[in-house]
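# Understanding the architecture of this molecule
In case you want the letters, here they are:
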Amino acid sequence: MKKFYVTTPIYYPSAKAHLGHCYSTIAADVLARYKRMQGCDVKFVTGTDEHGMKIETCAKKANLSPIEYVNRIVAQFKELWKVLNISYDVFIRTTDDYHVKSVQKIFKDLYDKGYIYKGKYGGWYCSPCEAFFTDSQLVDKKCPDCGREVVWSEEDSYFFKLSLFQDRILDLLKNSEGFIEPVSRKNEMIKFVESGLQDFCVSRSSFSWGIPVTFDDKHVVYVWLDALTNYINAIGYNRDDEEFKHFWPADVHIMGKEIVRFHSVIWPAILMALDLPVPKKIFGHGWIILGGDKMSKSKGNVVDPFVLCEKYGEDALRYFLLKEIPFGSDGPFSNEAFINKINSDLANDLGNLLSRSTALVDKCFGGTLLGELKPDSDDEHLASLVRSLKNKVEIHLDNLEFSLALNEIWNVVAECNKYMNVCTPWDKKRYAEDQIRLSTILYNVLETLRVVSVLIYPFMPKTASKIQSQIGASRKVCGWHQSDKWGVLDKKVKVNRENAIFPRLDVDKELSYLENDESSEDERLISIEDFKKVELRVVEVLKCEKIEKSNKLLKLSVFDGSKNRTIVSGIAKYYSPEDMVGKKIVIVANLKPSKIFGIESQGMLVAGSDGNSLEVMEARNIGAGSILS
Ligand code: MSP
C-alpha cells in the first residue's frame, strides 16, 4: 500500500488558536482525507511547539507554571481541531516524553559526530520569533520575519555547523523538482542560501523552559531544533524503526510562508547530518489577511473560528478558506465575504440543486425513481463532465491547488443546475406522457450529486455524508474509485429529503450577530468610574449565629468603622458561627439593604468559590472601616 505522510507546523500554545492556525490544518486535513480515500496508508501529524522563552514569559504573566499554562492552551487547540473535524493521526507535544528523549539523543548524536560544537554567540534576537539574526539579515534594523524590535544578545552556546551544508542545500533547492512550492518561495530561499550560510546556535542558557542538553545542564535545546524534529519523532524516530522507515520522508510539510526558511534550509541540513533523507516537499502557503494585516493575536485582529463553526458549521469555514484564497497567496478574510459565499456557493448552487432534485423525486415519484432509464442527447454533455471531474480534481489536489479543485467541482454543479433549467423537470405538462424520461433526468442529477459528494468529501466531510444520505447513495457507491463512473447509483433509488444543507442567510442579520459577538468581550469591560461606585469596606465580625429553618444562612453582626450592621450571608455550609467571630472581612457596603428570611441585610460579604470550596475574603492587617480601592 502506498504511504502518504503530511504535517502541519506545530503551533505555539502561547495564546488561543485563531483562524490563521486553522488554515494550514484544514489544508493538511483535506490532503490526508483525499489520500485515505485513494487507499493510501496516511499519517497526518499536527501538534504544539511548547518550549522557549516566549512561553515561559506568558506563563509567568499568567501566574502559572509553563506546563500548566500550555496544558490549557493545548486543550483549546485540540478542541478546535475536533470542532473543525480534523482527522489527525498523531498530535505531538514537544513536552511529550518520547519527543524529549529523542531530541536529547539527536543533540548528543550530532555533537558526537562533530556537527554540534560549543562557542559564544552574539546576535540580534527576536523574542517573539525565538530567532537570532545577523546585521545583514535585519530589515530596517527590525526582525525580517515579523518586523518587531530585536535586541543584541550574547551567550555561551552550542552551534550547528550549517555552513558545512551550503553546497548540498543549494543543490537541493535548485535541482530537486518540487522541493519548495510555490516556486516564488524557492527563488527567495536560493538567494538566502547564496548569501552564505552561517553556523547557528542550537542551545540557550538564558532561560530554562526547554529540553535540557544531557551533557551540559546549563543549556536547553534551541526551540527550532526541538520543534523541527517533531516530524521524525512523531512517526517513531529513535523509537519504532519500522514505522519510521515506512513513513519517512514526509510527502509534504505544509506551513505558512514565514517559516519556509527553517524548513527548507535548516531542517534538511539537520537531516543530512543525521544521514536521513530530506522531505519530498515543503509548501509555504500565504497568510489570511484581516483588515490589511496578517492575522495575529499580538495585533488583536483575530477571528474566532469557534464562533464561525458553531454558527455556520465547520464545512462552510473549511470551504471558504480553501476556495477563496489560492493556496500560496495571501488572501483576505471578512465576515461579509464569508456569509456571501455561503449564500452563493453553498446555499444556492449546491444546496438548491440537492433540495430541488430530491423534492421533485418526492413529488413526482413518491420518493423512489422508476428504475428504468431513457437517455437523451442532453445527458451526454453532463455525463462526460462528471466522468472527467475526478481526474481534474486529483491533478489539482496533488499540486495543492485546493481552490482550483473546488472550482472544477463547482463548474459541474453549475452545469447540473443548467441541465435542470434546460430539462425543466418541474414542467408537469412536458413530461405528462413521458414519466420515464422525467425519472431519467432526476436520476442524472442525483448521479451528479453522488460524484460531487465523493469529491467534496475531503473538503467538507459532513456535507458529503448529508448529501449521500439525502440522495439515497449507500457507502458502497461512494468510494473514491467510483467517482469517475457514471450510472453507479441504484436506478430505483429512494431519496430521503431533509432540511436544507445550507439554509440561506440574511447577510445584515448575520453581520450584526458576528460584529456584536466580536465586541461582546469589550462590552464586559467597565470604566474606573463604574468600579468606584462599589464601596468595598473592611468590617469586623462581632457576633454570628445560625438562622433557624435555614441550613445555608448565617446572621452576622459587624462593626464597619463607624457603626454596627447586620449582614445575612449564605456561608453556613463552609463556616460555623464560631469560625466567623473576630474575623476582619470585606463587604460591599453600599448595596441597597434587602430582606432575607425576614431579616434586613445591610451589605454583602465578598467570597470566592471554585465550585468545591468557598472562602470569605479577609483583610487581616487593616482596620475595620478601611475602604478597598
Ligand atoms: N512553532 C512554529 C512552527 C514550528 S514547525 C516545526 C510556529 N508556530 S505558530 O503558532 O506561530 O504558527 C505558525 C503557523 O500558523 C504558520 O506557519 C501558519 O501555518 C499558521 N498561521 C498563523 N497565522 C496565520 C495567518 N494569519 N494566516 C495563515 N496562516 C497563519 O511558527
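Refer to the structure above for everything that follows.
Residues numbered from 1 in each chain as written. Predicted model: local features only at pLDDT ≥ 70, side-chain atom pairs only at ≥ 80, totals over all residues. Heavy atoms only, no water.

## Comments concerning the environment of Arg148
Heads up, the rule is: Labels follow the DSSP assignment, with helices taken as runs of H or I lasting at least four residues and strands as runs of E lasting at least two, numbered in each case from the N terminus.
Looking at the element boundaries, Arg148 is found in the loop between β5 (131-133) and β6 (151-160). For the pair Arg148 and Pro128, spaced 20 residues apart in sequence, the C-alpha separation works out to 8.3 Å.

## As for a nonpolar patch on the surface
How we decide: Candidates for patches are residues over 30% relative accessible area with no salt bridge; among them, like charges are joined within 9 Å and nonpolar side chains (Val, Leu, Ile, Met, Phe, Trp, Tyr) within 5 Å. Note on areas: these come from Shrake-Rupley sampling with a 1.4 Å probe, and a residue is covered only by the protein chains present in the view. Salt bridges are identified by distance alone: a Lys or Arg side-chain nitrogen within 4 Å of an Asp or Glu carboxyl oxygen.
Among the surface-exposed residues, Ile526, Ile528 and Phe531 lie close enough to one another that they form a single nonpolar patch of about 300 Å² accessible area. Note that Ile528 resides in helix α20 (residues 528-532).

## Quick notes on the pairing of β6
The test is simple: Strands qualify as paired when DSSP identifies two bridges or more between them.
Pairing of strand β4 (residues 116-126) with β6 involves ten bridges; the strand directions are antiparallel. Pairing of Lys120 across the sheet is with Asp156, part of β6. The pairing of β6 with strand β8 (residues 200-201) spans two bridges and is classified as antiparallel. From the neighbouring strand, Phe159 faces β8, where its bridge partner is Cys201.

## Points about the nonpolar core
The condition is simple: For our purposes a nonpolar core is just a set of buried Ala, Val, Leu, Ile, Met, Phe, Trp, Tyr and Cys residues, chained together by side-chain atoms within 4.5 Å. The cut-offs for exposure are 20% and 50% of the maximum accessible area for each residue type, with area from a 1.4 Å probe on protein chains only; residues under the lower value are buried, those over the upper are exposed, and the others partly exposed.
Counting residues in hydrophobic clusters, the biggest one holds 109 residues, and the most contacted among them are Leu322, Phe333, Phe338 and Phe402. With twelve residues, the single largest contributor to this core is helix α17 (residues 435-456).

## Looking at the packing of aromatic side chains
For any pair of aromatic rings, geometry is given as the distance between the ring centres together with the angle between the planes. Put simply, the rule reads: Two rings belonging to Phe, Tyr or Trp (six-membered ring only in the last case) form a pair when the distance between their centres is within 6.5 Å. Interplanar angles under 30 degrees mark stacking, angles over 60 mark edge-to-face geometry, and anything in between is tilted.
Under the counting rule described, the total for this entry stands at 32 aromatic pairs. A centroid spacing of 5.8 Å and a plane angle of 85 degrees characterise the contact between Phe107 and Tyr158, whose relative ring orientation is edge-to-face. With Phe107 in helix α4 (residues 97-112) and Tyr158 in strand β6, this residue pair connects regions lying 51 residues apart in the sequence. Note on Tyr158: relative accessible area 3%, which makes it buried. With 6.0 Å between their ring centres and 80 degrees between their planes, Tyr111 and Tyr158 make a pair best called edge-to-face. With a gap of 47 residues between them, Tyr111 in helix α4 and Tyr158 in strand β6 connect regions that are remote in the sequence.

## Let's talk about the environment of Asn499
Within the fold, Asn499 resides in the loop between α18 (461-470) and α19 (507-523). Sequence separation of Asn499 and Lys543 is 44 residues, and the distance between their C-alpha atoms is 65 Å.

## A word on the environment of Leu164
Counting through the fold element by element, Leu164 comes out in the loop between β6 and α5 (166-175). Remark: the alpha-carbon pair of Leu164 and Gln137, spanning 27 residues in sequence, is separated by 20 Å.

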